[in-house]
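Given next are the chains, with one letter for each unit.
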Amino acid sequence: MTDRIVLAYSGGLDTSVAIGWIAEATGAEVIAVAVDVGQGGESLETVRQRALDCGAVEAYVADARDEFAEQYCMPTLRANGLYMDAYPLVSAISRPVISKHLVAAAQQFGATTVAHGCTGKGNDQVRFEVSIQTLGPDLKCIAPVRDLALTRDKAIDYATAHDLPIETTKKNPFSIDQNVWGRAVETGFLEDIWNGPTKDVYEYTDDPTFGPAPDVVTITFDQGVPVALDGETVTALQAIEQLNRRAGAQGVGRIDIVEDRLVGIKSREIYEAPGAMAMIAAHRELENITLEREQARFKKTVDQRWTELVYDGQWFSPLKANLDAFIHETQKYVSGDIRLELHGGRATVLGRRSETSLYDFNLATYDTGDTFDQSSARGFIDIYGLSAKTASQREERLHGKPDLSGAGVQK
Ligand code: ARG
């Protein structure tokens, strides 16, 4: 029986050429797999037909937008997932969901190998292949750009020679990956990290400099995920889509960063994630009022480790699952409303309200109604500072009084 290979298919030039390229290089039949994670553009039907026209023996298409929003974007929100404190993992979380569909398609069509269009220099090849190995340990992986010398120029020549139904002239200087959680743009003049981004880089966000009047939105959360916007019930996908529009119109969520790739390269990337960044700002503030102090401090470390694992392609790993369990448990009381002002490129929290808040007005107030017993603070401080004080007394005994000469500038 002829060997079969499933290919992660975008509908673009490179993966359209890859269908025939892989078939010629390996003698296998190629099955195209297209997964909609909210990247926009052409319909799945158009993409499916193109795959068949380019020589795929079968085409598997899946609308995974709700699955992606609920099972990948929402966990990222609950983890306040920002790699290097800035990047909301846009591409990193789409690879595992696409991999799941690739493995399902491989099983359905009896394929032995999975192919993807990544280069050998990025994180995405790692994310795909580690996910695929984990979900389908018997499957092999192949990347035509990396393993079968499929360069851009060769792809253009091949498409022209074989008269493939795909545009070969459109010249986009950037490499772009986008989905409902955000958009990543790299290469071209951005590779000179002294160059600022030009207007044509952006698509999900408008220029915040000349934005419209401020937009105030109330996000209602239930256990760490948004369930209503301005009182209207929404699904996870709807929450992201609606906030992408509203926060995007205000220029919220533009990110310009030089990041550390897993493969050891530092790379410059522009991201746009208006909905994600607005939601993370709101979620963090809701955690501020609903998580107990020690839980909140520890969760920061867990969030960061979770984010690094996900960035590094370990979505389906045991440690990531363990950290998920911790994060999930912390979200029990992360419910309530956050009122957010979207304006001038920023999402600013104006108000917070929660039935499960730990904020106690009577403990916090400096006005009448204060229930906090200030007299107990003295004894607390005596004991809390005792160990540092004891160490300082030893210092004085051995080396004399503390040096205060750096304190202030005397004239
Ligand atoms: N650097 C980002 C990541 O590793 C985005 C990668 C895809 N970006 C792109 N423009 N092709 O998650």
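Residues numbered from 1 in each chain as written. Predicted model: local features only at pLDDT ≥ 70, side-chain atom pairs only at ≥ 80, totals over all residues. Heavy atoms only, no water.

## Some remarks on a nonpolar patch on the surface
So, step 1. Taken together, the side chains of F380, I381 and Y384 define a hydrophobic patch exposed on the protein surface, amounting to about 410 Å² of accessible area.
So, step 2. By relative accessible area, F380 is classed as exposed at 53%. (Patch = residues over 30% accessible without salt bridge, like charges linked within 9 Å, V, L, I, M, F, W, Y side chains within 5 Å. Areas by Shrake-Rupley, 256 points an atom, 1.4 Å probe, with all protein chains shown as cover. Salt bridge = Lys/Arg side-chain N within 4 Å of Asp/Glu carboxyl O. Buried < 20%, exposed > 50% of the residue type's maximum accessible area, 1.4 Å probe, protein only.)

## Things to note about the packing of helix α8 (residues 236-249) against helix α9 (residues 274-290)
So, step 1. Remark: α8 packs on α9, axes separated minimally by 7 Å, with the N-to-C direction vectors making an angle of 100 degrees. It follows that α8 is roughly perpendicular to α9 by the angle criterion. The segment α8 lies against α9, with A239, I240, L243, N244, A247 and G248 engaging P274, G275, A276, A278 and M279.
So, step 2. Grouping the amino acids of the contact of α8 with α9 by side-chain chemistry returns eight nonpolar, three polar and no charged. (Axes fitted to C-alpha atoms, helices over the stretch in contact; angles between N-to-C directions. Helix = DSSP H or I, 4+ residues; strand = E, 2+ residues; numbered from the N terminus. Parallel < 35°, antiparallel > 145°, perpendicular 65-115°, else oblique. Contact = heavy atoms within 4.5 Å. Nonpolar A, V, L, I, M, F, W, Y, C, P; charged D, E, K, R; others polar.)

## Focus: the UniProt feature "binding site: L-citrulline" (unreviewed entry) in the protein
So, step 1. With numbering matched to this structure, UniProt assigns "binding site: L-citrulline" (unreviewed entry) to Y87, N123, R127, S175, E259 and Y271.
So, step 2. Overall, Y87 belongs to the buried group, its relative accessible area being 1%.
So, step 3. Residues in contact with Y87, not counting those within four places in the same chain, are G81, L82, A92, E259, Y271 and Y311.
So, step 4. On the secondary structure map, S175 appears in strand β6 (residues 175-179).
So, step 5. The class for S175 is partly exposed, based on a relative accessible area of 34%.
So, step 6. In contact with S175, not counting residues within four places along its chain, are A184, V185, E186 and T187. (UniProt positions renumbered as here; feature names shortened; annotations may be inferred.)

## Here's the deal with the packing of aromatic side chains
So, step 1. As enumerated under the stated definition, the model contains 10 aromatic pairs in all.
So, step 2. With centroids separated by 3.8 Å and ring planes inclined at 10 degrees, the aromatic side chains of Y87 and Y271 adopt a geometry described as stacked. Of this pair, Y87 sits in the loop between α3 (65-78) and α4 (90-109) while Y271 sits in strand β12 (residues 266-272), and the two are 184 residues apart along the sequence.
So, step 3. When the centroid spacing of 5.7 Å and the interplanar angle of 75 degrees are considered together, the rings of W306 and W315 count as edge-to-face. Side by side, W306 and W315 carry an identical accessibility label, which is buried.
So, step 4. Pairwise contacts between aromatic rings join F68, Y72, W306 and W315 into one cluster. (Phe/Tyr/Trp six-rings, centres within 6.5 Å; stacked < 30°, edge-to-face > 60°.)

## A few points about the site of the ligand
So, step 1. What surrounds the ligand is a group of 15 residues, the closest being Y87, N123, S175, E259 and E269.
So, step 2. Within the side chain of N123, one N or O atom sits 2.7 Å away from an oxygen atom of the ligand.
So, step 3. Between a nitrogen atom of the ligand and a main-chain N or O atom of S175, the distance comes to 2.7 Å.
So, step 4. Protein contact buries 93% of the 350 Å² of open area that the ligand shows by itself.
So, step 5. Counting residues per element, the ones that place at least two in the shell around the ligand are α4, α5 (124-135), β6, β7 (182-186) and β12. (Near = heavy atom within 4 Å. Polar contact = N/O pair within 3.5 Å; in protein donor to acceptor, adjacent residues only side chain to side chain.)

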